[in-house]
Structures are given as C-alpha cells and as structure tokens.
Amino acid sequence: MALLKLSKQKYYELVEREEDPLPMRMYGWSARGALAERGELMAWFKRNTRLARDSKKSRKT
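Residues numbered from 1 in each chain as written. Predicted model: local features only at pLDDT ≥ 70, side-chain atom pairs only at ≥ 80, totals over all residues. Heavy atoms only, no water.

## Structural notes on the nonpolar core
Selection rule: Remark: nonpolar core denotes a set of buried residues (Ala, Val, Leu, Ile, Met, Phe, Trp, Tyr, Cys) joined through side-chain atoms within 4.5 Å. Per-residue accessibility, obtained with a 1.4 Å probe over protein chains only, is compared with the maximum for each type, and a residue is labelled buried under 20%, exposed over 50%, and partly exposed between these values. Runs of H or I in DSSP of at least four residues are treated as helices and runs of E of at least two as strands, each being numbered from the N terminus.
Of all hydrophobic cores here, the largest spans six residues; its members are L6, Y11, L14, L22, L41 and W44. Within the residue set of this core, elements represented by two or more residues are α1 (8-16) and α2 (38-47).

Below, the structure written as structure tokens:
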C-alpha cells in the first residue's frame, strides 16, 4: 500500500478484482500480512497504468 500510495480500501479492491488482481502473496502460517514479489508487482503496475505524458496526449484528441 505504501509503495503504490493506496488507501486500504483501494488495496482490497485491487486484490479482490476478477480481472488482473494485484499480485499479493500471503504467509502460509499467518492470516495477516501479505507481500508482493517485486517483479510481479512491477509487471502488474506497468499493465495497469500509463505514462503521464501519454495521458496528456489522449486528452488533446
């Protein structure tokens, strides 16, 4: 949540969504705490965001 600057509510929305959920892994011995493997998280991030400069271009058209 801290790395992506997400609220707790948004974090849970992204983890629970059907299509391309946020890739979080739970500890096998705990019901609390989750981790994201850096490579999986960065791949997900790139699939689900766009560059700011691309956003500006799409607004002009």
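Once you've had a look at it, read on.
## What to know about the pattern of salt bridges
Between side chains of opposite charge, a pair can form as their charged atoms come close. Quick note on the threshold: Basic side-chain nitrogens of Lys or Arg form a salt bridge, by our definition, when they fall within 4 Å of a carboxyl oxygen of Asp or Glu.
For the structure on display, the rule yields three salt bridges. Here E13 makes a salt bridge to K10, at a shortest N to O gap of 3.6 Å. Taken together, the positions of E13 and K10, both in helix α1 and three residues apart, correspond to about one turn of that helix. D20 serves as the salt-bridge partner of R47, at 2.8 Å between the closest nitrogen and oxygen. Pair noted here: R47 is in helix α2 and D20 is in the loop between α1 and β1 (25-26), with a separation of 27 residues, a long-range link. For D20, a relative accessible area of 24% gives the class partly exposed.

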